[in-house]
Amino acid sequence: MENGAFDGLTNRFKKGERAAKYSTLTNLGLSIIKGVFGLLSGSVALMADSIHSFSDIFASLAVYIGLKLSQRKPDQKFPYGYYKAETMSSLIIAVVIVFSGLEVIMESVQGIINPQPLKIPFIAILVAAISVAVSFLLARYEQKVGEEIESPALLGDAKHSLVDVFSSLLVFAGIVASYIGYLSLQGVAGLLVSSLIIWMGLKIGKNAVLVLLDATLDPETVERIKDLALAVEGVEGVHEVRVRSSGPYIFSELHLETKKDLSVEKAHEISEKVEKTVKNEVKELETLLVQIEPVKKNTLRYALPVETSEGLQSTPSQHFGKAPYFLIWDVSNGEIKNYQIRENPAKDIEKKRGIKTAEFLAKENVDVILSQEVGEGPKYVLSQFFIRSLTPESEKLSEIMEKTLKISL
């Protein structure tokens, strides 16, 4: 990666790093406040939410470490960069979330079996309300930064913070219910919170594992890359399109089919054009590896300039642009098929007659032109349409056509 591009990427990661740092400090504050007042008030739901917030500290810290490692430049040992460090942090987040959910379940069940009245209910209600507001603002902030830098770990943490909003709302409702006399509803609220926690953890963990295993998570992106490559002139086919995620970026590779007799320079030109086209449209694409393969055609179309329109009795012409007609035929599985006589629409044009003739043959999907006389201009046009020009080895039409059965392209 060029230094300028890497510097831009580093700046984006620094934004994510700063957001993760703020998230860690916020969760630390919430955990302490909810823990202290949960113990003072005797609220099992608030203490469970404190445990949840405490687990968020480790989750946010994992995001921070992952983003910090992702800023390191690719080296010999890690030529694709350290982007997957961020995905590893997402996996750690998932594990922490699931375990914290299990712990909340145990606390909640205890609250249902042995409910206790609140000692300072107004303080507990106030702390729960503050937790809802702070979690909501934190989720919005992380979501905004995560989308801006396209960070899966930060977006995952934002979803986790959004779950905190709902869990804090449940805690708030449970404390209010307990205050008005329904003591066991605190435990029920904690149980619902734990279900949300575990569900979110499993979802984030599944995505992280699939990324680490280089699974294709977005079939639509695969099809998009394939369609963009096929739209490039000179590409006959596209197959084996592979896409893998690495942090906020994706890496892709594909095989292109082109004309069999394509020059190395032309193949390289097509490859570069495909890479540029795809990268311009798929912004998150970091690297595209293009492999050129000659297309295997079952049918080749030949064209021969002729003087008369008499089918297989026509006389071959020594000219290209001036030829009044072209005999066009297909060769498939060692047999000549579908021959036809087509009038040359450029035969009477004074200027650029050969070029116009070449363009006419391109529209007829000709693969090979057999002619004694092809100028530099027409040759260039034919090459742009990947039409090969050969000199006939005979002056007799029947012999010329028979030899096309043995031409190897």
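Source: prediction; values computed, not measured.

Calculation criteria
- Residues numbered from 1 in each chain as written.
- Predicted model: local features only at pLDDT ≥ 70, side-chain atom pairs only at ≥ 80, totals over all residues.
- Heavy atoms only, no water.
- Helix = DSSP H or I, 4+ residues; strand = E, 2+ residues; numbered from the N terminus.
- Buried < 20%, exposed > 50% of the residue type's maximum accessible area, 1.4 Å probe, protein only.
- Contact = heavy atoms within 4.5 Å.
- Areas by Shrake-Rupley, 256 points an atom, 1.4 Å probe, with all protein chains shown as cover.
- Core = buried A, V, L, I, M, F, W, Y, C linked by side-chain atoms within 4.5 Å.
- Pairing = 2+ DSSP bridges.
- pLDDT = per-residue confidence, 0-100.
- Patch = residues over 30% accessible without salt bridge, like charges linked within 9 Å, V, L, I, M, F, W, Y side chains within 5 Å.
- Salt bridge = Lys/Arg side-chain N within 4 Å of Asp/Glu carboxyl O.
- Phe/Tyr/Trp six-rings, centres within 6.5 Å; stacked < 30°, edge-to-face > 60°.
- Axes fitted to C-alpha atoms, helices over the stretch in contact; angles between N-to-C directions.

### Some points on the overall build of the chain
When you go through the chain residue by residue, the secondary structure sums to 11 helices and 8 strands. The proportion of buried residues among the 409 residues of the chain is 46%. By sequence separation, contacts in the chain at least 24 residues apart represent 66% of the contacts at least 6 residues apart. In the form shown here, the chain has an accessible surface area of approximately 21,000 Å², with 57% of it arising from carbon and sulfur atoms.

### Re the nonpolar core
Among the nonpolar cores identified, the biggest contains 20 residues, and L254, L256, V274 and V278 are the most heavily contacted of them. Elements that contribute at least two residues to this core include exactly α7 (219-230), β1 (237-246), β2 (249-258), α8 (264-281) and β3 (285-294). L254 has contacts with I225, A229, V238, H239, E240, V241, L288, L289, V290 and Q291, leaving out every residue within four places of it along the chain. Among the nonpolar cores identified, the runner-up in size contains 16 residues, and A128, V163, V171 and I197 belong to it.

### A look at the pairing of strand β6 (residues 335-343)
Where strand β5 (residues 325-332) and β6 come together, 7 bridges link them in antiparallel fashion. Residue pairing in the sheet places F326 in a bridge with R342 of β6. Between the end of β5 and the start of β6, which pair antiparallel, lie 2 residues, with N333 showing a positive phi angle near 55°.

### Re the confidence of the model for the chain
Predicted confidence across the chain gives a mean pLDDT of 77, with 81% of residues reaching 70 or more. The least confident element of the chain is helix α2 (residues 44-70), whose mean pLDDT is 67; the most confident is β5, at 92. In the model, residues 1-9 has pLDDT below 50 throughout and makes 11 contacts with residues more than four positions away in sequence or in other chains.

### Digging into a nonpolar patch on the surface
Among the surface-exposed residues, V109, I112, I113, F122, Y179, I180, Y182, L185, V188, L191 and L192 lie close enough to one another that they form a single nonpolar patch of about 1,000 Å² accessible area. Here the nonpolar patch gets 4 residues from one element, more than from any other, and that element is helix α6 (residues 185-212). Considering the arrangement of structural elements, one finds L191 in helix α6. Given the relative accessible area of 32%, L191 is considered partly exposed.

### Some points on the packing of aromatic side chains
Across all of its chains, the model carries 4 aromatic pairs by this definition. Ring plane angle 35° and centroid distance 6.2 Å describe the contact between Y22 and Y141, whose orientation is recorded as tilted. Of this pair, Y22 sits in helix α1 (residues 3-41) while Y141 is found in helix α4 (residues 121-149), placing the two residues 119 residues apart along the sequence. Residue classification places Y141 among the partly exposed residues on the basis of a relative accessible area of 28%. A ring pair is formed by F326 and F360, whose centres lie 6.3 Å apart and whose planes are at 55°; its orientation type is tilted. One end of the pair, F326, is in strand β5; the other, F360, is in helix α9 (residues 353-363), with 34 residues separating them in the sequence. An identical accessibility class is assigned to F326 and F360; each is buried. Here the aromatic cluster, defined as three or more aromatic residues joined through ring pairs, consists of F320, F326 and F360.

### Some thoughts on the sheet that holds strand β8 (residues 388-390)
Spatial ordering of the open sheet is given by β6-β5-β4-β7-β8, a layout of 5 strands whose pairing is mixed. The open sheet has two edge strands, β6 and β8, and neither has a second partner. Each neighbouring strand pair of the sheet contributes to a mean axis angle of 25°, computed without reference to strand direction. Here α9 sits on the sheet in contact with β4 (299-306), β5, β6 and β7 (368-370), set at roughly 35° to β5.

### Let's talk about the side chain of S131
Mapped onto the elements of the fold, S131 is located in helix α4. For S131, a relative accessible area of 0% gives the class buried. Apart from the residues lying within four places of it in its own chain, the contact partners of S131 are L30, K34, D49 and S168.

### Observations regarding the environment of V36
Checked against the element boundaries, V36 lands in helix α1. A relative accessible area of 42% places V36 in the partly exposed class. V36 sits 10 residues away from L46 along the chain, and the two C-alpha atoms are 9.4 Å apart.

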